[in-house]
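Chains, contacts and geometry: an overview
So the chains spell out like this:
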Amino acid sequence: MWQQDGVLVRVPASTANLGPGFDTLGMALHLHLWIAMKPAETTVIRLHGSELAGIPTDESNLIYRVAHSVFRAAGVEGRPLEMDVYSEIPLTRGLGSSASAIIGGLYAANALIGHPLSQEQLFNMATLIERHPDNVGASLFGGIIAAAWDGEQTEHIRIEPHGDLSTVVAIPQFQLETKMARNVLPAHVSLADAVFNISRSSLLVAALSSGQLHVIATAMRDRLHQPYRASLIPGMPRILDEAPGHGALGVALSGAGPTLLAFTDKRRSNASLVSYMKETFLAHGVEATVMEVEISREGAVCCGTWDGISSVLAARINL
Ligand code: HSE
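Cut-offs and rules
- Residues numbered from 1 in each chain as written.
- Predicted model: local features only at pLDDT ≥ 70, side-chain atom pairs only at ≥ 80, totals over all residues.
- Heavy atoms only, no water.
- Near = heavy atom within 4 Å.
- Polar contact = N/O pair within 3.5 Å; in protein donor to acceptor, adjacent residues only side chain to side chain.
- Areas by Shrake-Rupley, 256 points an atom, 1.4 Å probe, with all protein chains shown as cover.
- Helix = DSSP H or I, 4+ residues; strand = E, 2+ residues; numbered from the N terminus.
- Nonpolar A, V, L, I, M, F, W, Y, C, P; charged D, E, K, R; others polar.
- Buried < 20%, exposed > 50% of the residue type's maximum accessible area, 1.4 Å probe, protein only.
- Pairing = 2+ DSSP bridges.
- UniProt positions renumbered as here; feature names shortened; annotations may be inferred.
- Lys, Arg positive; Asp, Glu negative; His and termini not counted.
- Salt bridge = Lys/Arg side-chain N within 4 Å of Asp/Glu carboxyl O.
- Contact = heavy atoms within 4.5 Å.

Right, let's talk about the site of the ligand for a bit. Close contacts around the ligand come from A16, N17, F22, D23, H132, D134, N135, T178, R182, R229, G255 and A256, and that covers them all. One of the side-chain N or O atoms of D23 is found 2.5 Å from a nitrogen atom in the ligand. Contact with the protein chains covers 95% of the free accessible surface of the ligand, which is 260 Å². Taken together, the elements giving at least two residues each to the shell around the ligand come down to α4 (133-141) and α5 (178-183). Partitioning the shell around the ligand into residue classes produces three nonpolar, five polar and four charged.

What follows covers the pairing of strand β7 (residues 165-172). Counting buried residues in β7 gives eight out of eight residues, a clear majority hidden from the surface. Taking every second residue as pointing to the same face, both faces of β7 are buried, with L165, T167, V169 and I171 on one and S166, V168, A170 and P172 on the other. Here β7 pairs with strand β9 (residues 260-265) via six bridges, running antiparallel. Counterpart to A170 in the pairing with β9 is L260. Sheet topology places β7 next to strand β10 (residues 288-293); six bridges connect them, and they run antiparallel.

Another aspect to go through is the UniProt feature "domain: GHMP kinase N-terminal" (unreviewed entry) in the chain. Following the UniProt record, the feature "domain: GHMP kinase N-terminal" (unreviewed entry) maps to residues 61-143 here. This span, residues 61-143, is 59% helix and 8% strand, and a straight line between its end C-alpha atoms measures 28 Å.

Listed under "domain: GHMP kinase C-terminal" (unreviewed entry) in the UniProt record, and renumbered for this structure, are residues 206-281. Across residues 206-281, helical content stands at 41% and strand content at 13%; the span's end C-alpha atoms are separated by 31 Å.

With that settled, the discussion passes to the side chain of D222. Relative to the helices and strands, D222 is located in the loop between α7 (216-219) and α8 (226-229). It is R229 that comes nearest to the buried, bridge-free D222 among opposite-charge side chains, at 7.6 Å. A polar contact of 2.8 Å, which involves the side chain of D222, links it to the side chain of N197. At 3.1 Å, the side chain of D222 forms a polar contact with the backbone nitrogen of H225. Ignoring anything within four residues of it in the chain, the contact list for D222 reads G19, P20, F196, N197 and P227.

Below, the structure written as structure tokens:
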């Protein structure tokens, strides 16, 4: 049952909420985490690349722990693991780095023992760990997902992204813990704000499903979380207001932030949007990397055996 040659999996980053779809909408992005995993005599975890600095390399490692939760759920006796992990997803910036680690650990472990658990089971397990389905669903299934979670079970529908859609992300240099960005949210909201969000979120899903991209700017507006998180991200309210005037189809805080994500039309140049976002953040004292990132239509996948990690590393960090 164990794949003695090990497995290599690739998992995309994700953006959550897309504005009004708080804890509900997610979309996979073309930045990746790779995990090579195989059974071993003793546990060895090697982390590669600057994005993983400071992450534990013992059995407290998140990927290692979620891998063992798969063995338990599948009724398989756990074994020590040898793992190599490489990530190009910036940590604690609102691009789903922890969700991709959770999905990667679950997916790789399940593949390592012959896929006994279904995708839906992995999604439920991941959501229980992450406590919201948006990022983990996007990383698992790719594309855009709309998901609901009742505390135990998840239900989702995947939306194939329109062929003309792409994104520009503005990633501030500072980190923002999701916990902190959730602590600023109110426990109660007004009916008017709830209706505001339900209408925008419904419109956004309809726009993304039907390809009516002209309503995205209106549909991405939010009153449930962005106004409260604005105090944590200098420059954000101005960029949310002004980016559509610089070529964005719509713009939102990416997950809990601090990254901002703009939808763009692939057929148009993003040069003025990129410089606008960079300069506006800078005018508020925030250094940010602003770049085009494609939507990932693919979710988590097996992309080879364990030793395939050496070519991934050679191509990306010039070993
Ligand atoms: N939906 C979550 C939030 C995403 O906005 O807090 C966090 O990654």
